[in-house]
Every structure is written in C-alpha cells, then in structure tokens.
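# Per-entry structural report
The residues making up each chain are set out below.
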Amino acid sequence: MGKLAVLALRAVLVVVLTGTVFVQASMVWALVSGSDPEDGSLPLTPLRVITILGIGTAQVALVCIWRLVTMVRRGTVFSHAAFQYVDVIIGAIVAAALVWFAATALNAPGQRDDPGVTLIMGGIGVAILGVALIVLVLRMLLAQAVARDVEAAQMQAELDEVI
C-alpha cells in the first residue's frame, strides 16, 4: 500500500471520526437537555440513545481500520495480531445491525399505515448483517494468507539450513 493511499485513507478516517464525535456529542447534549416533543409523536430519547450507540459501533470499526492500515504500512498485517482487529470490526458491524433493528422496532408502530417502510428498514438491517458476513469471508482469506506466510517462512528456514 503506497504512502499516498495510506495518507488519504487516514485523512478520511480522521474526518469521519471527527464528524461522528461531533454528532454523538450533539446527541448527548440533546439527551441531557431533555427536549422530547409533547405532542404525542415519536419520543426522541430512545432514538437519540440508539443514534449514540450506532455511532459508537462505527467509531470502534474506524479505530480498528486505522490499526489495520498501520499494520499494512509496517508489513505486519499477515500475522495473528490482525485477527483481533478484524474480529472487533465484525462484532461492531453485528452490533450496528442490532442497533438498526432496535430503531426499526421503535419506528414500526408509527408505520402501521405504511408497513413498507418497516420492511425496507428490516431489509437494510439484513444488508448490514451481510456486510458482517463479507468481512467474515475476508477474515478467512486473511487466515489463509497468514497460514501461507508461516508455511513460506518455514520452507525458507529449511532451505537456509540446507544451504
């Protein structure tokens, strides 16, 4: 991975992380100030809590991606240490899907006249779980690459002994 690509990715990660922290802080501020509508519409407090949790899952994934990019830059990504970050990313994506399903369930009673919105939101939750499965497949590919790297190192050591 080139220096420019790493720099660009890190710049994007910093911008996204800064933006999520700002939105999260705004949600916490709104939660503390307690300005729920009194007209009987959807209460905002549960939605704010769900938003804070959802943003937290994205932040966890962003930090893990930063660490993986660092490992790629150092040439150590094909090691067992990378698995912990990939596992946390998978967990964060699954948690994001669960948070999305909670938002869907909270929104569903207000959609009785148009249940299609709830179905679409449920479909988005399933798509988020699909992303977790894709990352799981990528984790399996990483495992194969690590195994090949270990095998190559062993073969190189044997070759060095022969020579």
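Please refer to the structure higher up on the page.
These numbers come from a predicted model, not from an experiment.

Looking now at the overall build of the protein. When helices and strands are tallied, the protein shows four helices and zero strands. Written out in order from the N terminus, the α and β elements of the protein read α-α-α-α. At 21 Å, the protein has a C-alpha radius of gyration far larger than the 15 Å of a compact globule built from 163 residues. By principal-axis analysis of the C-alpha atoms, the protein measures approximately 85 × 30 × 25 Å. Burial analysis of the protein (163 residues in total) assigns 25% to the buried set. Each charge class in the protein was averaged separately, 9 positive and 11 negative side chains, and the resulting centres sit 9 Å apart.

Looking now at the packing of helix α2 (residues 44-74) against helix α3 (residues 81-107). Where α2 meets α3, the axes come as close as 9 Å, and the angle between the chain directions of the two elements is 160 degrees. The angle between α2 and α3 places the two elements in the roughly antiparallel class. Here the hand of the crossing between α2 and α3 comes out left-handed. Here the residues of the contact of α2 with α3 sort into 23 nonpolar, two polar and one charged.

Under the counting rule described, the total for this entry stands at zero aromatic pairs. The ring of Trp66 has Arg10 lying over it, and the distance from NZ or CZ to the ring centre is 4.9 Å.

Between its first and last C-alpha, α2 extends 45 Å over 31 residues, near the 45 Å set by a 1.5 Å rise per residue. Just past α2, the residue Gly75 takes up positive phi, approximately 80 degrees.

Attention now goes to the environment of Ala11. Tracing the backbone through its elements, the reader meets Ala11 in helix α1 (residues 3-33). Relative accessible area serves as the criterion here: at 41%, Ala11 is assigned to the partly exposed category. When the C-alpha positions of Ala11 and Gly125 are compared, they lie 28 Å apart, and in sequence the two are 114 residues distant.

With respect to the helices and strands, Val6 occurs in helix α1. For Val6, a relative accessible area of 4% corresponds to the buried category. Placed 67 residues apart in sequence, Val6 and Arg73 show a C-alpha to C-alpha distance of 7.5 Å.

Put simply, α3 and helix α4 (residues 116-162) touch, their axes get as near as 9 Å, and they point 175 degrees apart. In terms of axis orientation, α3 runs roughly antiparallel to α4. Of the residues that constitute the contact of α3 with α4, the class distribution is 25 nonpolar, five polar and two charged.

Definitions and limits used
Residues numbered from 1 in each chain as written. Predicted model: local features only at pLDDT ≥ 70, side-chain atom pairs only at ≥ 80, totals over all residues. Heavy atoms only, no water. Helix = DSSP H or I, 4+ residues; strand = E, 2+ residues; numbered from the N terminus. Rg over C-alpha atoms; globule rule 2.2 N^0.38 Å. Buried < 20%, exposed > 50% of the residue type's maximum accessible area, 1.4 Å probe, protein only. Lys, Arg positive; Asp, Glu negative; His and termini not counted. Charge placed at Lys NZ, Arg CZ, Asp CG, Glu CD. Axes fitted to C-alpha atoms, helices over the stretch in contact; angles between N-to-C directions. Parallel < 35°, antiparallel > 145°, perpendicular 65-115°, else oblique. Left-handed = near helix turned anticlockwise from the far one by under 90°. Nonpolar A, V, L, I, M, F, W, Y, C, P; charged D, E, K, R; others polar. Phe/Tyr/Trp six-rings, centres within 6.5 Å; stacked < 30°, edge-to-face > 60°. Lys NZ or Arg CZ within 6 Å of the ring centre and 35° of its normal. Expected span 1.5 Å × (residues − 1).

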